[in-house]
Every structure is written in structure tokens, then in C-alpha cells.
Amino acid sequence: MPLRTSRRLFGASSLMGVLVALWILVPALSAQEDETTSTGPKVEYNRYRATITELEQPRSVEIDADGMIWISGWEDGHVHGFDRDGQPVGLLVSPAESALTWLGVGKPTVALSALPEILTITNGDWKVVSDGVGTGPGQLSRPRRLAVAGDRVAVADRGNRRVQVFDLSSGEVVAVLGPDLTDQESLLCPVDVAFDEAGRLFVLDQDRARIHRLSAAGYELEKSWGAPGAYPGLLSSPGGLACSEGRVFVADSWNHRIEVFDSDGKWQFEWGLHAMLPREGEGHLHYPNDITIAPDGSFAVVLEPFEQRAQIFDRKTDPAEIALREEQALFGTGGVPHFGRTAAAMPQTLAILEPETQSVLLYDTRLFDPIQISRLGGYGDAPGQFIRPTGLACDAARNRLIVADAGQGRLQVFRIDRDLSSELGFDLWLPSLEATLDLEALRRSLPESGAQWPVEPSALATDDDGRLYCTDIANGCVWILGDRLQLVDRWAGFEGPESIAIDSKRRRAYIVETGRSVLSVVDLEADAVFDWPTLEEEDGDLEHPTAVAVTPDGSVLISDSRRDQVLRFSPAGRLVAAWGGPGIEAGRFRNPRAIVSERPGRWTLLDWGNHRGVQLTEEGGFLRAFGPVAFVQPTWSNGRRPYAREPEPDATTLTTRDGRYRIAYRLSAEAVPLNDEFALEVWVFHSGAEGPPLGADRITLVVDGSMPEHQHGMNQVPELVARPDGSFLVEGMLFHMLGRWALTFEVREGARTSHARVEVVLQ
């Protein structure tokens, strides 16, 4: 029943690694040969010129006939203009009671408002072309972008999974394209459209990583190409496209590049270097989401909403950039995960969405750093695969992990049976698919529900009774399911429900509505909903809440991506504390998202903008960060990585990965020296047991050092001496070069071997 009425608005062999690197390298080498021999298409638009910074929620970029750059999506509702050097020069003011979100450059000027409506402007007067919100011809649902060619305007009508073409003068709907284009091709998530010089219409389907070309006369499907992947010619969550001089330019978002095809889909070239360091720009791309080419073809502008910026590239080839791309292809980027925005936890187990591979990563959280123990998913529509996973929830009582797949409108339930007493290791067989629920089929079977649009599950939560709460961002509702995935209830009337948390003890549900930037509270006893109380504290206002969690005492934690903080409120809505602030150092966040607890007294926050996870105390104190080293290292004290436990007197301690042994060691110097011998004193104990160390009569100890990234070890073999007191002396250790070393310990007792490792950075 509705609670209220709706509002408006490679770990393989070295040889295999080289072969894969050469495979990636071939297009880059070909591009360089084309540049020097002029035997084929050149790599163009890869010479960086300028950056437009401090953009607020940019969504679309256009260049007009005068070379002016127009960027829309600002909070003030206007479209801001910049010259070709990126200097601000003016703005277009939105019409009354509308907030411009996208701009189509043409004659007349065409805009897409937030209502949503398509508008045209002639002699200063605005005219509405579309017919409001809905599913019928001429109506729109969450439209993304538009394109103009003469008297025709096409709009990517994302919520209806279709493209519509209007006649600007009459407002007549000329064509409705989708969801089915043909028996073999259908639209799942159209996000952008573009006309070429011949009047043909190109459509970008983000979820399918496909590009469709439709004829100028009749808009019949002529050609389709694209598939998910990272190699040249493949796409990963593409965000925008543009047509220029017979070519199609695609902002290949999760591959951090621009790909260029001819109008028949043949791959031409690519440009853009993946940003390797935090906030890196000047030609390095990070989640590019839109692209436009100047009408005279002289320059291009790439929009990066993640970094709140746009970069300007000249139509020239920069050989240095090509050389850097070859180097990246040869040595790779490390293969580290880019954590998404969603996480869930059960005791001593953490699940994190990894959107770039459409996967879920599972971690053991018993030791110092979370250790990856399994993964599930991958792109596809087969059982156990995902097209656009968006939500996670854990049902610890039933050992379940539930994954919401917005691309397919379905839920998948995996069983996670862990033996916490077994040795820690990676196990692809750990998760097993238990059940699947097609939410879209459920919606279609309930026409009386009032849910008009294809279901897009966005967040999940469970309560103590095993019920599952699933937010639906397309229909602005919450589906409530029983422990066997049977429909129990449905709440309606929310705008952009992106996160949900359940307080079973106090019978409350908390829902983040990004459409209104508020937290809604559902009183399950009174069957009522209300907005979070107005807060009197000066620093207590929510600016852009993105995730919510509930503590055992009923306090509410809210991640606010605009404040770059986590706010803690009492159950009555009083601000108790604010953690974080903008930055990358320890205790600082950028665009924080999910916050979950996998053990009492400790929280894990996805610091999404900094590509890392952060562990916090119950009071919000910083413990440690994990993830890519470039984003974790700024949190290390004095540039040195913290160890697994506080040092014992004159010694450092750590635990083997299976939790069986505690190892204490002491260096012969204050720090590991560069290219100079050092020694270690080592003691080994059974974890949790008292008594003397385990000597050579009980165990065999092996200590070594290596550089995994360089695939080599030390230049000499250390000597290990067992001493009468049960300790070991390791002499002749030598780290001969700068970089990241792994100091490893193996403890062998009987037929079993346990392992521990400490990272040592020499710089």
C-alpha cells in the first residue's frame, strides 16, 4: 500500500602477461605508425590544452558555432559558457519554474529541463515541445540528453528505454524507437543521441555497451556495434557520444578514454591516459562521461563529472601521449579494484561492488587489512552475472548475500557458507547462487501497483525477520519481500530512493531521496512517513545525502557527498558528530558512500571519490584505509605503512593469514636500510595462547623478501639460526632497490604451513 502520494518532481605466467600486454599494445603501435607514415587514420584530439574546474554536478557539454563551450547541470539551473581556453564568459538563464539540465545547440536553441520538458527558444520566448511525464508518445521519463538536426530533435528517453524524435515547429512526435529496435537489438539504457552530417541518428546504450545507427529517412536500424570490455573497440559503461566528419566519438567512461569509430563501427583510434594519481588531470582522464567536438573540428571538450571538471583537447597528435599509452599497455595499471558505491557486511565478511568488472568482491575482515577471499558476477545476463549491479544486502542469519541488478531488473540471492576456523585463502566456489527474482516480471504482473516504468533496483536492506527492502529508483518506490522473496508490500512516493537502512528494534526505515536531497523516515508502527526533522545546529543540515546506516543504539549515520563527511544523528534527529571533510589524508573523504559494520565497534566506509575503503572506530576515529596504494599511502603516518598490531616492547607483531600464529619481530636497525644488510629477531606464538615461543623443536620458520610487482626476490639467501630461548635470528637480509617489498614469514608445523606478509616501502 502506498504510504503517501507521489510528488512531482594477471597472476598467470610471465609469458602470458607479455602476450596480453602485446595484444593491448598493437593498436597503440599501429596508431604511432599511422602518425609517422600517414598510411592510415591518425590519433587526433589528444593534445591537452586547458581544464575547466570546479564544476557543480556537470551533466552535458556542447560547443556552438562560435566556439563557445556550454556546460549544463549546475545547481543554479543555468547553463554556463566558457571560451575555447576555458575562461568563463557568460550563462544562459533558465526559464521560469524550470531548471535547465541539458542544452542542445542548434537553430533554434533547444533545452531539456528538469521537469522534464523539451523546450525551444525563439526571440527570447520559450516553447514546450514534449508532453510531460509518462509512457505515452511525446511523454518522457528520466531523459538523459538530446540532439538537434534542422527541425528535428531526438531525446534519449532513458526511463522508457527508448529514443523519441520530435518536430520542433509542430511538436509532433516523428518517431518512437525502442525498447525493441529489431528482434535482435533492443535498448536497455539509452543515455545519449547524436546526428551526423547526413542526418543519420546514433544512439548510445550504456548498459549494453552498444552503438546503434539509424537511417536519416524513417529512422530504421542500419548498423549496431559494441560489446563490454577493455580492449580497443570495446566499451565499459560509455556515457556520451558525438559525431564529426564521418566519425563517432564515444566517452568510454570506465575505460577512462575516448574511443573513435567510423560511421560503420570500425575502430579508428583512442586517446586519453588513465589518471594514475589522485586528482590527476592535464590529459589524464577519469570517468569521462560526455564529449563534444567543435563544429569547425578544431578542438574537443571531454566532461568528467567524477572530477567536477572538463578538459579541452586540440586537434593535434601528441607523440608523447602515444608513448605513455604504450607504456601503460605494457606494464598495466596494477589490476587493483576501483571500489563502487555499495557495500554490505555480515560478521567478519565484507562485500563490495566493483562496477568496472560488474562484480562483487568478498573480503575477510578478521585481520589487519581486509583480505579478498572470493568474487562473484561478471558482465552478462546468465544466472550469477550482472549488467548493472547497484545494491547489496547481507542476511547473516541465513548466510545470504543479495545483489540488485538494475540493468536486468532482478535480484539474485547467493549463499555464503564460510568456515571461519579454516585456513584463509581465495575460493571462487565460496558463493553459490540460490535464487533469482525477476522484479520487472513482478511489476508487469501487478498492473494495479501503479509502477509505470521498468524496475531499476537501487539499494537493498534486510530486517531481523528476514524481510528484504528494495528501493526502485525508476518508480520511486520500495518493494518489500519476504524471506522466500514473496511480495509483502510496496511503498510509493519517493524521489530518487538511493539508499535504505532498517532499524528493526525501533521499527523504522530510513530512505535517502537524492531527488530531494533529504532523508525520509518511515514509522513502521504508525504506517506513516515524514522527512528528517529540521535541524537547529549550524552544521547539521544535509547537503547531498547518499547513504544511510543505523547503529545498534539507534543512531543514524548519513554519508553526505557534498560535505565529504559522515554525519551521526541521535534517533531524535539531533546532530551528535561529523566525521571527515574534503581531502585524501587520514580521516578525510571525497564523495563518501556506503557505511557498514562487519564487527561490533568498527565501521567500514566506501570513500568512493578516493577509490578506497576506510575503517573507522565507533566514534568515527580513523583506523586505516585499504585499496589502491596511490590512494591509501596519503593516510600513512610519515609515509610508512602501519603494521598489523601495536608493537610489543621493541618488537612489531602480526598474525598469520589463517589466524593460527602470532609473529613478533625486531629489526637490527631503526628501519629497513636500502642496499645494506640487516638482521631480524623473530618469535612465533600460537594465537591466543600463553607460554613461551614455539622453537625449532616445534616449527620450521622461513623468512624471505621479494618485490611482487617486479617479480623478483632478494639477491642473496638469508641465514636463519634457531636460538635456545625459542627465538630465531635471521641474518643477511638485503633489500637492494627502492620500491615496495614484501617481507614474508612461513610457519610450518607438521603438514600445515601458515603465511604472513608485511609490506615495506623504500623510497
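Residues numbered from 1 in each chain as written. Predicted model: local features only at pLDDT ≥ 70, side-chain atom pairs only at ≥ 80, totals over all residues. Heavy atoms only, no water.

Some details on the overall build of the protein chain
Along the protein chain, the regular secondary structure elements total four helices and 59 strands. The burial tally for the protein chain puts 56% of its 763 residues in the buried class. (Helix = DSSP H or I, 4+ residues; strand = E, 2+ residues; numbered from the N terminus. Buried < 20%, exposed > 50% of the residue type's maximum accessible area, 1.4 Å probe, protein only.)

Re the sheet that holds strand β30 (residues 371-377)
Taken in spatial order, the four strands line up as β27-β28-β29-β30 in an open sheet, and their pairing is antiparallel. Two strands bound the open sheet, and with one partner strand each, they are β27 (343-346) and β30. Strand-to-strand twist across the sheet, computed as the mean angle between neighbouring axes with direction ignored, equals 20 degrees. Here six bridges tie strand β29 (residues 359-364) to β30, and the two strands are oriented antiparallel to one another. Within β30, the residue paired with Leu362 across the bridge is Ser374. (Pairing = 2+ DSSP bridges. Axes fitted to C-alpha atoms, helices over the stretch in contact; angles between N-to-C directions.)

Observations concerning the pattern of salt bridges
Under the definition given, this model contains 47 salt bridges. The salt bridge involving Glu270 is made with Arg257; its shortest N-O contact spans 3.6 Å. A residue pair is termed long-range when its members are at least 10 positions apart, and Glu270 in strand β21 (residues 267-271) and Arg257 in strand β20 (residues 257-262) qualify at 13 residues. Assessed through its relative accessible area of 4%, Arg257 is described here as buried. Residue Arg698 is joined to Glu749 by a salt bridge in which the shortest nitrogen-to-oxygen separation is 3.4 Å. Linking Arg698 in the loop between β53 (678-686) and β54 (700-707) with Glu749 in strand β58 (residues 739-749), this pair joins segments that are 51 residues apart in sequence. On the accessibility criterion, Arg698 (42% relative accessible area) is partly exposed. A cluster of three or more residues bridged by salt bridges with shared partners is formed by Glu44, Glu245, Arg247 and Arg315. (Salt bridge = Lys/Arg side-chain N within 4 Å of Asp/Glu carboxyl O.)

Comments concerning unusual backbone geometry
Residues Gly178 and Pro179 are joined by a peptide bond in cis, for which omega reads 0 degrees. Structurally, Pro179 can be placed in the loop between β13 (173-177) and β14 (190-195). For Ser517, which is not glycine, the phi dihedral falls at a positive 55 degrees. By secondary structure assignment, the location of Ser517 is in the loop between β40 (508-513) and β41 (518-523). Backbone geometry at Asp527 places phi at a positive 55 degrees, although glycine is not the residue there. Position of Asp527 relative to the elements: it lies in the loop between β41 and β42 (528-531).

As for the nonpolar core
Buried together is how nonpolar side chains tend to be arranged in soluble globular proteins. In this structure, Val682, Val684, Phe735, Leu743 and Phe745 are the most contacted members of the largest nonpolar core, which totals 27 residues. When contributions to this core are tallied by element, the ones reaching two or more residues are β52 (661-667), β53, β54, β57 (728-733), β58 and β59 (752-762). Contacts of Phe745, omitting those with residues within four sequence positions, involve Leu654, Ile663, Tyr665, Val682, Val702, Val703, Ser754, His755 and Ala756. (Core = buried A, V, L, I, M, F, W, Y, C linked by side-chain atoms within 4.5 Å. Contact = heavy atoms within 4.5 Å.)

Points about the packing of aromatic side chains
Under the definition given, this model contains 17 aromatic pairs. Note on Tyr363 and Phe626: the rings are 6.3 Å apart at their centroids and 55 degrees apart in plane angle, and the pair reads as tilted. With Tyr363 in strand β29 and Phe626 in strand β50 (residues 622-626), this pair connects stretches of sequence that are 263 residues apart. What makes Tyr363 buried here is its relative accessible area of 5%. Taken together, the aromatic side chains of Tyr45, Tyr48, Phe249, Trp271 and Phe313 make up a single cluster linked through ring pairs. When the ring centre of Trp608 is taken as origin, the NZ or CZ atom of Arg341, which lies over that ring, is 4.9 Å away. Of note, Arg662 hangs over the ring of Phe685, and the distance from its end group to the ring centre comes to 4.4 Å. (Phe/Tyr/Trp six-rings, centres within 6.5 Å; stacked < 30°, edge-to-face > 60°. Lys NZ or Arg CZ within 6 Å of the ring centre and 35° of its normal.)

Some words on a nonpolar patch on the surface
A contiguous nonpolar surface patch, about 440 Å² in accessible area, is contributed by Phe426, Leu428 and Trp429. Judged by relative accessible area, Trp429 falls into the exposed class, the value being 78%. (Patch = residues over 30% accessible without salt bridge, like charges linked within 9 Å, V, L, I, M, F, W, Y side chains within 5 Å. Areas by Shrake-Rupley, 256 points an atom, 1.4 Å probe, with all protein chains shown as cover.)

Concerning the environment of Thr120
In this fold, Thr120 is placed in strand β8 (residues 118-122). Separated by ten residues in the primary sequence, Thr120 and Val110 have C-alpha atoms spaced 4.5 Å apart.

Overview of the sheet that holds strand β51 (residues 652-655)
Strand pairing in a sheet is mediated by backbone hydrogen bonds. Such pairs are either parallel or antiparallel. Strand order in the open sheet made by the five strands is β51-β52-β53-β57-β56, with antiparallel pairing throughout. Because the sheet does not close on itself, it has two edges, and the strands there are β51 and β56 (719-722). With direction set aside, neighbouring strand axes in the sheet form an average angle of 25 degrees. Note that β53 and β57 share four bridges and pair antiparallel. Of the residues in β57, the one forming a bridge with Leu680 is Val730.

Observations concerning the pairing of strand β4 (residues 79-82)
Side-chain alternation along β4 places Val79 and Gly81 on one buried face and His80 and Phe82 on a second face that is also buried. One ladder, built from three bridges, connects strand β3 (residues 69-72) with β4; its direction is antiparallel. Its bridge partner being in β4, Ile71 is matched across the sheet by His80. In this sheet, strand β5 (residues 88-92) lies alongside β4 in antiparallel orientation, the contact comprising four bridges. Paired with His80 across the bridge in β5 is Leu91. Between β4 and β5, which pair antiparallel one after the other, the connecting turn spans five residues, and Gly86 there sits at a positive phi close to 90 degrees.

Let's talk about the side chain of Ser727
Relative to the assigned elements, Ser727 resides in the loop between β56 and β57. With relative accessibility at 1%, the residue Ser727 sits in the buried group. When sequence neighbours within four positions are dropped, the list of residues in contact with Ser727 reads Val682, Trp683, Val721 and Ala722.

Looking at the confidence of the model for the protein chain
Parts of the model with low pLDDT should not have their predicted coordinates read in detail. Looking at the protein chain, pLDDT values average 85 and 86% of them are 70 or higher. Of all secondary-structure elements in the protein chain, the lowest mean pLDDT belongs to helix α1 (residues 14-37), at 35, while strand β15 (residues 201-205) reaches the highest, 98. Residue range residues 1-41 is modelled with pLDDT below 50. Its contacts to residues more than four positions away, or to other chains, number 61 contacts. (pLDDT = per-residue confidence, 0-100.)

Details of the environment of Thr744
Summarising the element assignment, Thr744 is placed in strand β58. Here the alpha-carbon distance between Thr744 and Val703, two residues 41 residues apart in the chain, equals 5.7 Å. Those residues in contact with Thr744, other than ones at most four positions away along the chain, are Val702, Val703, Asp704, Gly705, Ala756 and Arg757.

Section: the environment of Gly340
Tracing the backbone through its elements, the reader meets Gly340 in the loop between α2 (319-331) and β27. For the pair Gly340 and Val360, spaced 20 residues apart in sequence, the C-alpha to C-alpha distance is 9.6 Å. In contact with Gly340, other than residues within four places in its own chain, are Ile352, Leu353, Pro355, Leu606 and Trp608.

Quick notes on a negative patch on the surface
A contiguous patch of negative charge on the surface is contributed by Asp676, Glu677, Glu719 and Glu731. Judged by relative accessible area, which is 51%, Glu719 ranks as exposed. (Lys, Arg positive; Asp, Glu negative; His and termini not counted. Charge placed at Lys NZ, Arg CZ, Asp CG, Glu CD.)

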